[in-house]
Amino acid sequence: MNYRHAFHAGNHADVFKHLTLTRLIALMSRKEQPFAYLDTHAGIGLYDLQGDQANRTGEYLEGIARLWGEEDLPALTADYMRVLHEMNPDGQLRYYPGSPELARRLTRPQDRVLLNEKHPEDGVLLKDNMKGDRRVKVHLGEGWHVPRALLPVPEKRALMLIDPPFEKLDEMQRCAASLKEAVGRMRQTVAAIWYPVKDQRMLRRFYQDLAGTGAPKLLRVELLVHPLDTPNTLTGSGLAIANPPWGLEEELRELLPWLSKKLGQTQGGWQMDWLIAE
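All of these numbers come straight from a predicted model, not from anything done at the bench.

Caption draft 1: Looking closely at the sheet that holds strand E7 (residues 190–197). One open sheet holds the eight strands; their spatial order is E5-E4-E1-E6-E7-E9-E8-E10, and the pairing between them is mixed. Two strands close off the open sheet at either side, each with one partner strand: strand E5 (136–139) and strand E10 (269–276). Within the sheet, the average angular offset between the axes of one strand and its neighbour, ignoring direction, is 15°. Examined bridge by bridge, strand E8 (residues 218–224) and strand E9 (residues 236–242) share seven bridges and lie antiparallel to one another.

Caption draft 2: Region of the structure containing the nonpolar core. The biggest cluster of nonpolar side chains holds 89 residues, and the ones touching the most others in it are Ile 64 and Tyr 80. What Ile 64 contacts, discounting residues up to four positions off in sequence, is Gly 10, Val 15, Leu 49, Tyr 80, Met 81, Leu 84, Leu 93 and Tyr 96.

Caption draft 3: Region of interest: the packing of aromatic side chains. In total, this model carries four aromatic pairs according to the counting rule given. Between Tyr 195 and Phe 206, the ring centres sit 5.2 Å apart and the planes meet at 70°, which makes this aromatic pair edge-to-face. With Tyr 195 in strand E7 and Phe 206 in helix H8 (residues 200–211), this pair connects stretches of sequence that are eleven residues apart. Neither Tyr 195 nor Phe 206 differs from the other in exposure class; each is buried. Since its relative accessible area comes to 0%, Tyr 195 is described here as buried. A connected cluster of aromatic rings, assembled from ring pairs, spans Tyr 195, Phe 206 and Tyr 207. Positioned above the aromatic ring of Tyr 207 is the side chain of Arg 220, whose terminal nitrogen or guanidinium carbon lies 4.2 Å from the ring centre.

Caption draft 4: Summary view of the pattern of salt bridges. Tallying each qualifying case throughout the model produces 23 salt bridges. One salt bridge connects Asp 133 with Arg 104, and the closest N-O pair in it is separated by 3.6 Å. Of this pair, Asp 133 sits in the loop between helix H5 (120–130) and E5 while Arg 104 is found in helix H4 (residues 99–106), placing the two residues 29 residues apart along the sequence. A relative accessible area of 22% means that Arg 104 is categorised as partly exposed. Arg 148 is paired through a salt bridge with Glu 181; the nearest N and O atoms lie 3.1 Å apart. With a gap of 33 residues between them, Arg 148 in helix H6 (residues 146–150) and Glu 181 in helix H7 (residues 171–185) connect regions that are remote in the sequence. On the basis of relative accessible area, Arg 148 is assigned to the partly exposed category, the value being 47%.

Caption draft 5: Here's a closer look at helix H1 (residues 12–28). In a regular helix each residue adds 1.5 Å, so 17 residues correspond to 24 Å; H1 covers 25 Å between its end C-alpha atoms and thus fits that length. Of all 17 residues that make up H1, 16 are buried, and the element is covered over most of its length.

Caption draft 6: Expanded view of the side chain of His 12. Position of His 12 relative to the elements: it lies in helix H1. Among the residues examined, His 12 registers a relative accessible area of 8% and is labelled buried. The contact partners of His 12, leaving out residues within four places of it in the chain, are Glu 62, Gly 63, Leu 223, Val 225, Leu 234, Gly 236, Leu 263 and Gln 265.

Caption draft 7: Quick peek at the environment of Gly 123. Mapping Gly 123 onto the fold places it in helix H5. Between the C-alpha atom of Gly 123 and that of Gln 267, which follows or precedes it by 144 residues, the distance is 37 Å. In this structure Gly 123 touches Glu 117 and Leu 140, once residues within four positions along its chain are discounted.

Caption draft 8: Examining the UniProt feature "binding site: S-adenosyl-L-methionine" (unreviewed entry) in the protein chain more closely. UniProt's feature table lists "binding site: S-adenosyl-L-methionine" (unreviewed entry) at His 18, His 41, Ser 99, Glu 117, Glu 142, Gly 143 and Asp 163, given in the numbering used throughout. Residues contacting His 18, with those up to four places away along its chain left out, are Tyr 80, Tyr 96, Pro 97, Gly 98, Ser 99 and Leu 102. With respect to the secondary-structure elements, Ser 99 resides in helix H4. Excluding residues that lie within four positions of it along the chain, Ser 99 makes contacts with His 18, Leu 21, Tyr 37, Asp 39, Ala 42 and Leu 161.

Caption draft 9: Expanded view of the environment of Pro 216. By the secondary structure assignment, Pro 216 is in the loop between H8 and E8. For Pro 216, a relative accessible area of 25% corresponds to the partly exposed category. Distance in space between the C-alpha atoms of Pro 216 and Ile 276 is 7.2 Å, their sequence separation being 60 residues. For Pro 216, the residues in contact, after removing those within four places along its chain, are Val 183, Arg 187, Asn 243, Ile 276, Ala 277 and Glu 278.

Caption draft 10: Structural view of the environment of Leu 126. In this fold, Leu 126 is placed in helix H5. For the pair Leu 126 and Glu 278, spaced 152 residues apart in sequence, the C-alpha separation works out to 37 Å. Leu 126 has contacts with Ala 42, Gly 43, Ile 44, Gly 45, Pro 100, Leu 115, Glu 117 and Val 138, leaving out every residue within four places of it along the chain.

Caption draft 11: Here's a closer look at helix H3 (residues 78–87). Turning to H3, its buried residues are Tyr 80, Met 81, Val 83, Leu 84 and Met 87. Within H3, the buried residues cover an arc of 155° as seen down the axis, which keeps them to one side. On its buried face, H3 sits against H1, strand E2 (46–48), strand E3 (95–97) and H4.

What counts, and where the lines are drawn
- Residues numbered from 1 in each chain as written.
- Predicted model: local features only at pLDDT ≥ 70, side-chain atom pairs only at ≥ 80, totals over all residues.
- Heavy atoms only, no water.
- Pairing = 2+ DSSP bridges.
- Helix = DSSP H or I, 4+ residues; strand = E, 2+ residues; numbered from the N terminus.
- Axes fitted to C-alpha atoms, helices over the stretch in contact; angles between N-to-C directions.
- Core = buried A, V, L, I, M, F, W, Y, C linked by side-chain atoms within 4.5 Å.
- Buried < 20%, exposed > 50% of the residue type's maximum accessible area, 1.4 Å probe, protein only.
- Contact = heavy atoms within 4.5 Å.
- Phe/Tyr/Trp six-rings, centres within 6.5 Å; stacked < 30°, edge-to-face > 60°.
- Lys NZ or Arg CZ within 6 Å of the ring centre and 35° of its normal.
- Salt bridge = Lys/Arg side-chain N within 4 Å of Asp/Glu carboxyl O.
- Expected span 1.5 Å × (residues − 1).
- UniProt positions renumbered as here; feature names shortened; annotations may be inferred.
- Arc of directions from axis to C-beta.

What follows is the structure, given as structure tokens:
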């Protein structure tokens, strides 16, 4: 309960995660049929990069600040950057959208946004930040219960982000269990799990657990800002994406080389493969 994402808002992991999320939403929006967006560990949805918490770490300076003001950005970043510019109309980078705000702004009138946040103070802030949009429903409960509580959805299409704080040693196992439950309850769910790339031993076990979830297909994507063997640091972050929409793999192959150059610190890199192939 101690984790507060404001300290890390807009860092390299956020940019990778949120840029990928905008592409997932765009690709799912190609079909007119509505979908539900589910966020298991939503946070507050909106962050002040000039606030005390973000300023204390300055992590956004190695993340979104590297893209802000750039003119020659790939076309695939357009949705992501449009939201940022709408939130910062004076041209000064101050406000940063969490996944709930990106989903609220980029989903369509026929879609629903279902958010969950366990932290009591953050839950109140999330409700306040999301008020006024009838498509958005905020739940204040345990994020691991979301698949069981909300799936299947009436829309018959779902996009779910599983993004826990990883404060506890069992959270990678719980991510895999949540994915298994999600595809068990609604097989066609598009589910994206964000995870830190840090402890290779734990990651090997995590990959095995993911491969055993029974997902129809599962894409593994990782963005690195340091070499994998760098000790005692967050070397990068990953997304395990079940049932990725057609076209996502091709888009990420275009985006990731550019993103790794932009966000690399001691050494940028990326990797992508299928943990479960069709």
